[in-house]
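The chain contents come next:
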Amino acid sequence: MSLSSHHRGTALCVLSACAFGAMAIFAKEAYATGATVVTLLSIRFLLAAALFWVIVAVRGGAQLPSRRVIVASIGLGAAGYAAQAGLFFGALTRIDASLTSLLLYLYPMLVFLGAVAAGRERVTARRVGALALASVGAALVLMSGSLGALDGVGVAMALGAAVIYAAYILIADRIVGTVDAFLMAALVTTGAAASTLAAGVGSGSLDLHFAAAGWGWIAAMALGSTVLGVSAFFVGLREVGPATASIVSTAEPVVTVALATAIYGEALGAGQLAGGVLVLGAVVILQLRTGTVEGDVAPAHAPARPPARTLAHDAA
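So, a few notes on the structure that sits alongside this text. A quick note: this is a predicted structure, and the numbers were derived from the prediction, not measured.

Attention shifts here to the overall build of the protein chain. Counting its regular elements, the protein chain contains 14 helices and zero strands. Each helix (α) and strand (β) of the protein chain, taken in turn from the N terminus, gives the series α-α-α-α-α-α-α-α-α-α-α-α-α-α. Looking at the 316 residues of the protein chain, the share that counts as buried comes to 53%. Sequence separation of 24 or more characterises 93% of the internal contacts of the protein chain that already satisfy a separation of 6 or more. Of the roughly 12,400 Å² that the protein chain leaves accessible, carbon and sulfur atoms contribute 70%.

Quick look at the side chain of threonine 256 now. Looking at the secondary structure, you find threonine 256 in helix α12 (residues 251-264). Among all residues touching threonine 256, those that are not within four sequence positions of it are Gly21, Ala24, Ile25, Ala97 and Ser101.

To continue, consider the nonpolar core. Core analysis: the biggest nonpolar cluster contains 86 residues, and Leu40, Phe52, Phe89 and Leu92 have the highest contact counts within it. Considering every element that reaches this core, the biggest residue donor is helix α8 (residues 152-175), with 11 residues. Each residue touching phenylalanine 52, except ones within four places of it in the same chain, is listed here: Phe182, Ala185, Ala186, Thr189, Thr226, Val227, Val230 and Ser231.

Next up on the list: the packing of aromatic side chains. Under the counting rule described, the total for this entry stands at eight aromatic pairs. Aromatic pair phenylalanine 182 and phenylalanine 234: ring centres 5.4 Å apart, planes at 85 degrees, arrangement edge-to-face. Note that phenylalanine 182 is positioned in helix α9 (residues 181-203) and phenylalanine 234 in helix α10 (residues 212-240), a separation of 52 residues in sequence. Phenylalanine 234 matches phenylalanine 182 in its accessibility class, with the two residues each being buried. Summarising the aromatic geometry, the rings of phenylalanine 210 and tryptophan 215 are spaced 5.2 Å apart at their centres and angled 25 degrees between planes, so their arrangement reads as stacked. Taking relative accessible area as the criterion, phenylalanine 210 reaches 10% and is therefore assigned buried. Pairwise contacts between aromatic rings join Phe45, Tyr81 and Tyr168 into one cluster.

Turning next to the environment of leucine 273. Positionally, leucine 273 belongs in helix α13 (residues 270-287). Note on leucine 273: relative accessible area 45%, which makes it partly exposed. Sequence-wise, leucine 273 and glycine 137 are 136 residues apart; in three dimensions their C-alpha atoms are separated by 9.0 Å.

With respect to the element layout, threonine 189 can be found in helix α9. With residues up to four places along the chain from it excluded, the contact list for threonine 189 reads Phe45, Ala48, Ala49, Phe52 and Tyr81.

Here we take up helix α5 (residues 97-104). Of all eight residues making up α5, eight are buried, and the element is well covered by its neighbours. Among all positions of α5, only Ala97, Ser98, Leu99, Thr100, Ser101, Leu102, Leu103 and Leu104 are buried.

Turning our attention to helix α6 (residues 107-117). Within the span of α6, buried status applies to Tyr107, Pro108, Met109, Val111, Phe112 and Ala115. Two residues or fewer after α6 comes glycine 119, characterised by a positive phi angle close to 80 degrees.

The subject of this paragraph is the pattern of salt bridges. Taken as a whole, this structure holds three salt bridges when the rule is applied. Among the ionic pairs, glutamate 239 bridges to arginine 8, the shortest N-O distance being 3.3 Å. Of the two residues, glutamate 239 is situated in helix α10 and arginine 8 in helix α1 (residues 3-21); the sequence distance between them amounts to 231 residues. A relative accessible area of 19% means that glutamate 239 is categorised as buried. For arginine 8, a relative accessible area of 43% corresponds to the partly exposed category. A salt bridge links arginine 59 to aspartate 180, with the nearest nitrogen and oxygen atoms 3.1 Å apart. In this pair, arginine 59 sits in helix α3 (residues 37-59) while aspartate 180 sits in the loop between α8 and α9, placing the two residues 121 residues apart along the sequence.

What follows covers the environment of alanine 251. Residue placement: alanine 251 occurs in helix α12. Linking alanine 251 and leucine 280, residues 29 residues apart in sequence, is a C-alpha distance of 8.6 Å.

This brings us to the packing of helix α4 (residues 67-92) against α9. Running from amino to carboxyl end, α4 crosses α9 at an angle of 50 degrees, the nearest separation of the two axes being 7 Å. Regarding the angle of α4 to α9, the classification is oblique. Viewed along their axes, α4 and α9 form a crossing whose handedness is right-handed. Facing Ile70, Ser73, Ile74, Gly77, Ala78, Tyr81 and Ala82 of α4, the residues of α9 in contact are Leu187, Val188, Thr189, Gly191, Ala192, Ser195 and Thr196. Among the residues forming the contact of α4 with α9, the class breakdown is eight nonpolar, six polar and no charged.

Further remarks concern the packing of α6 against α8. The contact between α6 and α8 brings their axes to 8 Å, and the two run at 50 degrees. The orientation of α6 relative to α8 falls into the category oblique. Read as a crossing pair, α6 and α8 show a hand that is right-handed. Residues Tyr107, Leu110, Val111, Gly114 and Ala115 of α6 form the contact with α8, whose own contacting residues are Ala162, Val163, Tyr165, Ala166, Ile169 and Leu170. Class assignment of the residues belonging to the contact of α6 with α8 gives a composition of 10 nonpolar, one polar and no charged.

What counts and what doesn't
- Residues numbered from 1 in each chain as written.
- Predicted model: local features only at pLDDT ≥ 70, side-chain atom pairs only at ≥ 80, totals over all residues.
- Heavy atoms only, no water.
- Helix = DSSP H or I, 4+ residues; strand = E, 2+ residues; numbered from the N terminus.
- Buried < 20%, exposed > 50% of the residue type's maximum accessible area, 1.4 Å probe, protein only.
- Contact = heavy atoms within 4.5 Å.
- Areas by Shrake-Rupley, 256 points an atom, 1.4 Å probe, with all protein chains shown as cover.
- Core = buried A, V, L, I, M, F, W, Y, C linked by side-chain atoms within 4.5 Å.
- Phe/Tyr/Trp six-rings, centres within 6.5 Å; stacked < 30°, edge-to-face > 60°.
- Salt bridge = Lys/Arg side-chain N within 4 Å of Asp/Glu carboxyl O.
- Axes fitted to C-alpha atoms, helices over the stretch in contact; angles between N-to-C directions.
- Parallel < 35°, antiparallel > 145°, perpendicular 65-115°, else oblique.
- Left-handed = near helix turned anticlockwise from the far one by under 90°.
- Nonpolar A, V, L, I, M, F, W, Y, C, P; charged D, E, K, R; others polar.

Keep in mind that these numbers describe shape and distance, not what the molecule does.
Okay, structure coming up:
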C-alpha cells in the first residue's frame, strides 16, 4: 500500500468522522424548526435508503445474498438500527449533544464484553485495562462538573442507545458475512425506514408541519451524516484497513463536542473532559492490533463489523 493511498484513506475516514460528528447538530437544528424525532428519522431513513439503492445500482456487481441474510439485514434495520437511532435522537431532545455523543461511545467496551461472554474474544491485560479506563471515564463524564441539566431519562436513553448499538454489532457480525457493504446499507436503512414510518403512522406522531428549514437539516443528515459518512468510511476502510479506520473514527465525538461548544456554548467541565479522553483512549487501545496498523488492509468486500459500526452509529 502506497503512502499516498494511506493518506487518502485516512482523510476519507476523517471526513466520515466529521460527517457523523455533525449529525447531532443537524438534529438539534431540525428540532428547533418543529420536527419531531419520529418525523426526522422517517424522512432521514427514506432519503438515505433511496440514495443507497441508487449507489448499489450505479456500482453494479453486488451479489445478492441469500433470502435469510436479506430478511436478517432488513430486520436489523427495522429493530436494532431504528431503536438505537430513536434512543439517540430522543436523548438529544433532553440532554446536550456533547454528553449524548460521549455516552454513546461506550459501545466499543460493551461490544468487547459481549464478545467475551459469547466466547468470541479473549480476555487480555490490555483489554481489561481499556475496560477499566472506559469505566473510570464514564464515571467522570456523568459525575464531574455540570453539563446542562443532567436529565436522568436523557442519560438513560443515551446509554440505552449504546447498549442496543453494541448488540446490533454483535448480531450483525454473525449474520451478514461478506455481503457488499453498500447493499447492506441499503437493506438496513430500508428496514429502518419501514419501522419508523409504521411507528409514526400508528402512533399519529408523524407530523410534516414544521418550518421549511427543517427539511434542509434533515436532508443534510441523510445525505451528509448518513450516505456520505458511510460511503467515505467504506472507501477509506479499503485503503487503510479496519484498525486504522476504527481508530480514526474516534474523532467523531470530538467533532460533536467542538461543534456543540462553538454553536450552543455547551461547556464540558474539566472532569468531564478528562473522562471523555479516557473513554476515547480506551477505544483506541481496544482497536490496536499486533503489528503495524498500516499493514492492516481490508479485503475487497469489507467485513461485517465495519458496516455494522457505521450504520448503527451514524448512531443513530
